[in-house]
Amino acid sequence: MGALLSHLFMPVGDLAAARAFWTEAIGLEVLMEYPGYVRVGGGGGFHIGMEQGDPGPGTRTEISVYVDDVDAVHRRLLDRGVEVEGPPQDQPWGARHCWLRDPDGRRMSIFT
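Summarised in this report is the structure supplied together with it.

About the thresholds
Counting restarts for each chain: residues are numbered from 1 in the order of the written sequence. In view of the model being predicted, local features appear only for residues whose pLDDT reaches at least 70, and side-chain atom pairs are presented and counted only at 80 or more, with totals across whole chains, interfaces and linings using the full set of residues. As a convention, hydrogens and water are excluded, and side-chain values are obtained from all of the structure's heavy atoms. Salt bridges are counted wherever a side-chain nitrogen of Lys or Arg sits within 4 Å of a carboxyl oxygen of Asp or Glu. Going along the chain from the N terminus, every DSSP run of H or I of four or more residues is numbered as a helix, and every run of E of two or more is numbered as a strand. Burial classes: relative accessible area under 20% of the type maximum marks a residue as buried, over 50% as exposed, and values in between as partly exposed (1.4 Å probe, protein chains only). Put simply, two rings from Phe, Tyr or Trp (the six-membered ring, in Trp's case) pair if the centres are within 6.5 Å, and we call them stacked under 30 degrees between planes, edge-to-face over 60, tilted for the rest. Here a residue-residue contact requires only that any non-hydrogen atoms of the pair lie within 4.5 Å. We define a polar contact as two N or O atoms separated by no more than 3.5 Å, with the added condition that, inside protein, one atom must be a possible hydrogen donor and the other a possible acceptor, whereas residues neighbouring each other in sequence contribute only through side-chain atom pairs.

**Quick notes on the pattern of salt bridges**
- With the rule as written, the count across this model stands at 7 salt bridges.
- Of the charged contacts in the structure, one is a salt bridge between Glu-85 and Arg-101, with a shortest N-O distance of 4.0 Å. Placement of Glu-85 in the loop between helix H2 (70-79) and strand S6 (89-90) and of Arg-101 in strand S7 (residues 96-101) is noted, with a sequence separation of 16 residues between them.
- One salt bridge in this structure joins Arg-107 and Glu-85, with 3.0 Å as the shortest N-O distance. Of the two residues, Arg-107 sits in strand S8 (residues 107-111) while Glu-85 sits in the loop between H2 and S6, which places them 22 residues apart along the sequence.
- Using a relative accessible area of 26% as the deciding quantity, one classes Arg-107 as partly exposed.
- One continuous salt-bridge network, built from bridges that share partners, spans Asp-71, Asp-90 and Arg-96.

**So, the packing of aromatic side chains**
- According to the stated counting rule, one finds 3 aromatic pairs in the structure shown.
- When the ring of Phe-21 is compared with that of Trp-22, the centres are 5.3 Å apart and the planes differ by 90°; the resulting orientation is edge-to-face.

**A closer look at the environment of Arg-106**
- Its place among the elements puts Arg-106 in the loop between S7 and S8.
- Using a relative accessible area of 13% as the deciding quantity, one classes Arg-106 as buried.
- C-alpha separation for the pair Arg-106 and Ile-63, spaced 43 residues apart in sequence, amounts to 7.7 Å.
- With near-sequence residues (within four places) excluded, Arg-106 lies in contact with Met-10, Pro-11, Val-12, Pro-55, Ile-63, Leu-100 and Arg-101.
- A polar atom in the side chain of Arg-106 sits 2.6 Å from the backbone oxygen of Pro-11.

**A closer look at helix H1 (residues 15-25)**
- Among the residues of H1, those classed as buried are Leu-15, Ala-18, Phe-21, Trp-22, Thr-23 and Ala-25.
- The N-capping residue of H1, defined by a side-chain oxygen 3.2 Å from the backbone nitrogen of Ala-16, is Asp-14.
- Positioned one or two residues after H1, Gly-27 has a phi angle of 100°, which is positive.

Rendered as structure tokens:
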């Protein structure tokens, strides 16, 4: 029997705000949606399933999203009023990252 990671599931405090953040600011597409739940992803990759609920206290989980052009996504985030921890920077491991937080305060990285 093979195993394959499908998606991360997380409760969110405001489903409409989370949907807008992940689709409009980050650029993922809605893959599945019904009352109280939305799943986003794109390009046949990993998905995030979100359900309206209590996100609980902050965690050490960090969500990483690969994009073709981190600098363009960074500009789009700023244009949409999303607070970021700083501009994209080249990292010693060869990727270019920009860090920010989702509407529930989860730390995430956008990288190329």
